[in-house]
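Here are the chains, one letter per residue:
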Amino acid sequence: MLIDAEDHEADLIKEIVQNGVLAEAKRHATAWQDSLKSVATMTKPQCLVRAPNLIQRVFAHADSQEAEIVFSALEHDQWLASQGFDPHSNDSNELGVAVLSKAHQGQDSLFDAWSVGEQVRSLGAQMVNLPSGGSLVFDHNEAMTTVDVNSSAAIQGSNGDLALQINLEACEALATQARLRDLGGLLVIDFINMKSDLDRKKVFNALSSALKKDSAHTKISSFSQFGLLEMQRSRSGNGLQSLLFEECSLCQGKGFMSTAVGVADQIVRELVCSARNESVAAYTIKAHQAVISVLQLDLSDELRKFGNDYECELTLSPDTQYLQSDYDIVLA
Ligand SMILES: [Zn+2]
């Protein structure tokens, strides 16, 4: 059914199946065969395959020519032996780290020495800086990811050459970030406005060629009437971002949390509700210091009136263990 279908989505799925899934299946089949061979020569129980550790995964994902050299060197027994490692060690995990550590003799950190530190840091940011002063700003929502290419304030109103240059840099950075963040689905890219069709063509070509390094399937549209470019990418499921970052537990990724005023107001409403339903002699409110301060300073009149109306005592108890959004109303 998919093979006969004409629409783009069916095409995309077909290509993913043909290229991605088959390649992945072949890799697993080879690894399985290798494991079977090792088992045949084993005399005592030992580890056959171990998942790559963090350092190895970072290097495998990040763009670093030196790291690539080291990793391809890992494939060569001769090179390993020359570096003093046993190429037939079963612990390829430790071997990888040992090779990287040995190859790195400097004072700076391993990540910085192999020029992946900056990339690792950029994954936690919404904005990624470009060499000529521009930046990329990533925004995720349910339907798509939008990528805004910005020029810095200093170059605004300058010639079209700089706009083109920043857009071209954006293509490289976008391809890298899409891979490291493992962005999936629809991406809409708002490049800096370009007047010439030739420049738009250059940017389109630059993005196409930058995306060739990506093993995930990608597809890009031509520029829309309003200068936007759409891109579709199939998620590979093993981006570096998910390895190093997780959703903020304070705001569940929303980027917002309740203000102290909002929480204090909620507490007063809950107190009134509770007092209306049952007779309580005393309440203790446990909350973050910021919330307690609002209750003491801004809502003191309301609380005094509440105490008089319902003939109950109120104790405010700041607690450093509480997040600003959390509180407890204890009845006595
Ligand atoms: Zn947050």
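Residues numbered from 1 in each chain as written. Predicted model: local features only at pLDDT ≥ 70, side-chain atom pairs only at ≥ 80, totals over all residues. Heavy atoms only, no water.

Colleague: Mind showing me how you'd approach the overall build of the chain here?
Modeller: Along the backbone of the chain there are 13 helices and nine strands. Looking at the chain as a whole, 33% of its 332 residues are labelled buried. Look at the contacts in the chain between residues 6 or more apart in sequence, and 66% of them connect residues 24 or more apart. (Helix = DSSP H or I, 4+ residues; strand = E, 2+ residues; numbered from the N terminus. Buried < 20%, exposed > 50% of the residue type's maximum accessible area, 1.4 Å probe, protein only. Contact = heavy atoms within 4.5 Å.)

Colleague: Would you explain the coordination of the zinc ion in this entry?
Modeller: Ideal geometry at a metal centre gives angles of 109.5 degrees when four donors are arranged tetrahedrally and 90 or 180 degrees when six donors are arranged octahedrally. Donor atoms from the polypeptide that bind the zinc ion are C248 (SG) and C251 (SG), placed at 2.1 to 2.3 Å. Overall, the relative accessible area of 35% leaves C248 in the partly exposed class. For C251, a relative accessible area of 9% puts it in the buried group. (Donors = N, O, S within 2.8 Å, 3.2 Å for Na, K, Ca; no water.)

Colleague: It is not clear to me how the pairing of strand β4 (residues 185-190) should be interpreted in this structure. Could you clarify?
Modeller: For a regular strand, the rule is simple: side chains alternate between the two faces of the sheet. As paired elements, strand β3 (residues 145-150) and β4 share four bridges and run parallel to each other. For V147, the partnering residue across the bridge sits in β4 and is I189. (Pairing = 2+ DSSP bridges.)

Colleague: How do you make sense of the side chain of R233 when you look at a structure like this?
Modeller: Residue position: R233 is located in strand β6 (residues 228-233). A distance of 2.9 Å separates polar atoms of two side chains, one belonging to R233 and the other to D182. A polar contact is formed between the side chain of R233 and the side chain of D214, at a distance of 2.8 Å. Residues contacting R233, with those up to four places away along its chain left out, are A178, R179, D182, L183, G184, G185, L187, D214, A216, H217 and T218. (Polar contact = N/O pair within 3.5 Å; in protein donor to acceptor, adjacent residues only side chain to side chain.)

Colleague: Where do I start with the nonpolar core in this structure?
Modeller: Soluble globular proteins tend to bury their nonpolar side chains together. In terms of nonpolar packing, the biggest core is built from 28 residues, with L136, V149, L174, I189 and F191 touching the most fellow members. Residue assignment for this core shows that the elements contributing at least two residues are β2 (135-140), β3, α8 (160-180), β4, α9 (197-210) and β6. Per-element accounting of this core gives the leading share, nine residues, to α8. Not counting residues within four places of it along the chain, the set of residues in contact with L136 comprises Q126, M127, V128, L130, V147, D148, V149, A170, A173 and L174. Listed in part, the 20 residues of the second largest apolar core include I267, I292, L299 and Y327. (Core = buried A, V, L, I, M, F, W, Y, C linked by side-chain atoms within 4.5 Å.)

Colleague: Please explain a nonpolar patch on the surface as it appears in this structure.
Modeller: On the surface, V39, L48 and V49 cluster together into a nonpolar patch covering about 260 Å² of accessible area. As for its placement among the helices and strands, V39 is situated in helix α1 (residues 8-41). Its relative accessible area of 43% is what places V39 among the partly exposed residues. (Patch = residues over 30% accessible without salt bridge, like charges linked within 9 Å, V, L, I, M, F, W, Y side chains within 5 Å. Areas by Shrake-Rupley, 256 points an atom, 1.4 Å probe, with all protein chains shown as cover. Salt bridge = Lys/Arg side-chain N within 4 Å of Asp/Glu carboxyl O.)

Colleague: Please clarify how the side chain of S35 should be interpreted in this entry.
Modeller: Inspection of the secondary structure puts S35 in helix α1. Residue S35 is classed as buried on the basis of its relative accessible area, which comes to 11%. Apart from residues no more than four positions distant in its own chain, S35 is found in contact with L48 and V49.

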